[in-house]
Amino acid sequence: MASNFLLKLRMSLKSSQPLFQRPLEPPSARFLEPRTQNQSLGLRRSPGRSRGMSGGGGWGENSSSRWRKEGPRGGEEDGRVRRVSFPGPVFAAGTAKRTAELRRRKSSAGFRDEEQLEEEVAERRANRDAGRLQPPDRPLPPAEWRTLRESLGNPPHFDIRMMIAALVAGAELAVAKSLLTFVAVETGTLSYQLLLRYLVLCVSGGHDAEVLDVYDIMRESFPSLDTGASSLFIKSFSRTARWKEAVSVLQEVKKASKPTPRNYGDIISAAVLNGDTDAAWTLYDELMESGQSPHQETWEVLFQGGVGKQQEGGEGSEVISQTSQQEKLLEILLHMRNEQIYPNRRLAAAIKTWFESLADQKWTGGWTTVTPQGVCRCCGSELESIQLTADEYQRLRDGVMADVIQGNDVFKKTTPQELERFRAFVMRKPVFDVVVDGLNVANTNKDRSKQSEMLLAVVLELERQGLSILVLGRKHMLRPSKSWNRHNMNLIQQKAHCFFTDNISEDDPFLLYATLHSGNHCRFVSRDLMRDHKACLSDRVTRQLFFKWQRGHQLVVEGSIAAGWRVRFQSVPSYDTIVQMCGDSWHIPYDDTEDRSTYEVPQRWLCLTKKA
């Protein structure tokens, strides 16, 4: 495959001698020639409910309906509700991004219009680009490259910086190759770093035939390749008829480090596309055994490879049975369930197509949503409850107590004496139905003069439901001020149990302790997403249980409350958003937006049912 130029270059790199002993015309080797590319809460407790109930009782079943009878839509004279414009439920996909965008717009309103912002961005970009090397718009002979370098003041690392500029600008391959020719003429060799940048340009541009040449040079010229170069070769080889050579590169990577899910995914895709499903699943099993999670594109190609009839193996490969392949694909869905992974729309579509291709099983799929009561609008099935089982709740409670309440981190936010005082306080009181993060709720109203009024409104709404309330606050809230009206704070202490921590303390650990101590029926009111405390939990299963418990127990005040208006809470789901199977149906929540944050859950579902 090598041309005369390549042979000379390899010999020069091996012997460390100059490639050219006298001035030569730019080489016309194939490697350096252009190549044609082929390629609401108004919660009311139900009569007779026991406060000590754990499991699914109390607010577990369709809690929103239990809290709706005398809720915001009630017919009382003062039961007016002002609907506040708000991005959406705190755990709904896309809410965080919409909230950030809303805040950005508010912060810029009044002093900058959109056109002015765009002009400033364009000006900054122009100033930045002015100091960056710009590649030529055509291939240059060595003499012109030399002139260009001199005109720029002979900057250091000119060749590497120019190659990077060519990559960023999306320059033609011929321009980059003429730069290599110039460097070879000037120095008699090509450095590893320069070839690496050229390799990036080739791979990103889809110039896979050029990559094969670069691979031959780098393998013969350098004792080893770094993981970055190896990953690029794996990616490019996997797109060609020489895809099996990517497996050899993968084995080399294993000697120095752990291959990435992307490395495996590239070769798995190549194996499936070339009909070697046995090799694909062998690599997939190896990836899973490494403890890493595959990319969704890898799952997508595996489901696509399982569509229709049994796949035929490539040359020299074994053929995996249709039954075995079905089992492995179903294991992927179980993995998504266990890891709380949500497929994107493309993967969900591939899953739907695969199920419907199983002609002997007569599956049918549909895109749908779920009612607030947890019923699929497509097939009418009831989804799994958001409530934890008794065993799950005990595991979560033990984990939070050990890692968050008793862990070393908690004493950076409070003192052992204060925590013990709070424990004694909780033990003296009856179990609570709801725990309120007082400062967090008060800060929902941005008008600082209305903070105590905001907190009082929430307490009155919960007290109207006949609930046992604990309000957690800080001692400074008891000092009369513009924010903390004495009359309002006295009323709050009459209507609810109250505990005020030191001003330097963080009240989240106290909130979690009181809520979990009171039982599985107890909820808490806060906008805090508790991500730091979730991260403190020592194992994956407990973190997942925490997130599930949080979504089923956290009440969020919706918007600010004006005088005379009733408090409204965001609805709490009665169902779990997780891949689930029941009888002859699968329900798979999927991402229909790229705006979902990690603590949010999708709102769209794929419903799969088997016809009788």
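In case you missed it, the structure is sitting above this.
Only a predicted model underlies this, so the values are computations on that prediction, with no experimental measurement involved.

Rules used in this analysis
- Throughout this document, residue positions are counted from 1 along each chain, in the order its sequence is written.
- Thresholds applied to this predicted model are a pLDDT of at least 70 for local features of residues and 80 or more for the giving and counting of side-chain atom pairs; totals over whole chains, interfaces and linings are not thresholded and use all residues.
- Heavy atoms from the whole structure form the basis of all side-chain values; hydrogens and water molecules are not counted.
- Segments assigned H or I by DSSP are reported as helices when at least four residues long, segments assigned E as strands when at least two residues long, and all are numbered from the N terminus.
- Only protein chains enter the accessibility calculation, which uses a 1.4 Å probe; a residue whose area is less than 20% of its type maximum is buried, one above 50% is exposed, and one in between is partly exposed.
- Surface exposure here means Shrake-Rupley accessible area, sampled with a 1.4 Å probe, where a residue is shielded only by the protein chains that are shown.
- Paired strands, in this sense, are two strands between which DSSP finds at least two bridges.
- Angles here are taken between N-to-C directions and fall from 0 to 180 degrees, while the axes themselves are lines fitted to C-alpha atoms, restricted in helices to the stretch in contact.
- Note on definitions: a residue-residue contact is assigned when non-hydrogen atoms from the two residues lie within 4.5 Å.
- The salt bridge criterion pairs a side-chain nitrogen of Lys or Arg with a carboxyl oxygen of Asp or Glu, the two atoms within 4 Å.
- As used here, the term nonpolar core means buried Ala, Val, Leu, Ile, Met, Phe, Trp, Tyr and Cys residues forming a set that is joined through side-chain atoms within 4.5 Å.
- Here is the rule for angles: anything less than 35 degrees is roughly parallel, anything more than 145 is roughly antiparallel, 65 through 115 is roughly perpendicular, and the remaining ranges are oblique.
- Crossings are sorted by hand: turned counterclockwise from the far helix by less than a right angle, the near helix makes the crossing left-handed, and turned clockwise it makes it right-handed.
- A crossover gets the label right-handed when its path from the first strand over the helix to the second runs clockwise, viewed with the strands pointing away from the viewer.
- When two rings of Phe, Tyr or Trp (its six-membered ring) have centres within 6.5 Å they constitute a pair, described as stacked for plane angles under 30 degrees, edge-to-face for angles over 60, and tilted for the intermediate range.
- Note on criteria: charge over ring means Lys NZ or Arg CZ within 6 Å of the ring centre, with the direction from the centre no more than 35 degrees off the ring normal.

Caption draft 1: Structural detail: the overall build of the chain. The number of helices and strands found in the chain is 24 helices and nine strands. Residues counted as buried form 50% of the 612 residues belonging to the chain. For the chain, the exposed surface amounts to about 29,400 Å²; the carbon and sulfur share of it is 49%.

Caption draft 2: Up close: the sheet that holds strand S1 (residues 363-368). Ordered in space as S1-S9-S8-S7, the four strands form an open sheet in which the pairing is antiparallel. Where the open sheet ends on each side, the last strands, each with one partner, are S1 and strand S7 (580-582). Each strand of the sheet is rotated relative to its neighbour by a mean of 20 degrees, with strand direction disregarded. Helix-sheet contacts for helix H16 (residues 345-357) involve S1, strand S8 (585-590) and strand S9 (604-610), and the interaxial angle to S1 is about 155 degrees.

Caption draft 3: The pattern of salt bridges, seen in detail. Under the defined criterion, the tally for this structure stands at 24 salt bridges. The partner of Arg239 in a salt bridge is Asp208, and the shortest N-O contact between them spans 2.7 Å. Taken together, the positions of Arg239 in the loop between helix H10 (227-237) and helix H11 (245-256) and Asp208 in helix H9 (residues 208-221) put the pair 31 residues apart, joining distant regions of the chain. Taking the relative accessible area as the measure of exposure, Asp208 reaches 4% and is therefore buried. Linking Glu461 and Arg464 is a salt bridge whose minimum nitrogen-to-oxygen distance equals 3.1 Å. On the criterion of helical spacing, the pair formed by Glu461 and Arg464 is a turn pair, its members being three residues apart in helix H20 (residues 451-464).

Caption draft 4: Structural context of the nonpolar core. Among the nonpolar cores identified, the biggest contains 80 residues, and Phe233 and Ile351 are the most heavily contacted of them. The residues contacting Phe233, other than those within four sequence positions of it, are Leu199, Val211, Val214, Tyr215, Met218 and Leu225. Among the nonpolar cores identified, the runner-up in size contains 29 residues, and Leu388, Leu470, Leu516 and Cys522 belong to it.

Caption draft 5: Examining unusual backbone geometry more closely. Unusually for a residue other than glycine, Asn154 sits at a positive phi of about 50 degrees. Within the secondary structure layout, Asn154 lies in the loop between helix H5 (142-151) and helix H6 (158-169). With relative accessibility at 45%, the residue Asn154 sits in the partly exposed group. At Met530, a residue that is not glycine, the phi angle is positive and equals roughly 60 degrees. Relative to the helices and strands, Met530 is located in the loop between strand S5 (523-525) and helix H23 (531-536).

Caption draft 6: Seen up close, the environment of Val572. The topology assignment puts Val572 in the loop between strand S6 (554-555) and S7. Along the chain, Val572 and Pro372 lie 200 residues apart, while their C-alpha atoms are 8.4 Å from each other.

Caption draft 7: Fine view of the packing of helix H8 (residues 192-204) against H10. Running from N to C, H8 and H10 cross one another at 30 degrees; their axes reach a closest spacing of 10 Å. Here H10 runs roughly parallel to H8, going by the angle between their axes. Seen along the crossing, H8 lies across H10 with a hand that is left-handed. Taken together, the residues of H10 that come into contact with H8 (itself represented by Tyr192, Leu196, Leu199, Val200 and Val203) are Ala229, Leu232, Phe233, Lys235 and Ser236.

Caption draft 8: Focus on the pairing of strand S3 (residues 469-474). With six of six residues buried, S3 is to be regarded as a mostly interior element. The pairing of strand S2 (residues 434-437) with S3 spans four bridges and is parallel. What sits directly across from Val436, in S3, is Val471. For the segment spanning S3, helix H21 (residues 486-495) and strand S4 (residues 497-501), crossover handedness is right-handed.

Caption draft 9: The packing of aromatic side chains, seen in detail. Scanning the entire structure with this criterion turns up 21 aromatic pairs. Ring pairing ties together the aromatic residues Phe303, Trp354, Phe355, Trp363 and Trp586, which thus form one cluster. Sitting over the face of the ring of Phe237, Arg242 holds its NZ or CZ atom 5.6 Å from the ring centroid. Above the plane of the ring of Phe547 lies Arg551, whose end atom (NZ or CZ) is 4.5 Å from the centre.

Caption draft 10: Here's a closer look at the sheet that holds S4. The strand order S4-S3-S2-S5-S6 describes an open sheet built from five strands, whose pairing is parallel. Strands with a single pairing partner mark the edges of an open sheet, and in this sheet they are S4 and S6. The sheet contact formed by S3 and S4 spans five bridges and is parallel. Note that in S4 the partner of Arg474 across the bridge is Thr501. Its contacts with the sheet place H20 against S2, S3 and S5, and it is angled at close to 165 degrees to S3. Across the face of the sheet, helix H22 (residues 508-518) comes into contact with S2, S3, S4 and S5 while running at roughly 175 degrees to S2.

Taken by themselves, the reported measurements are silent on function.
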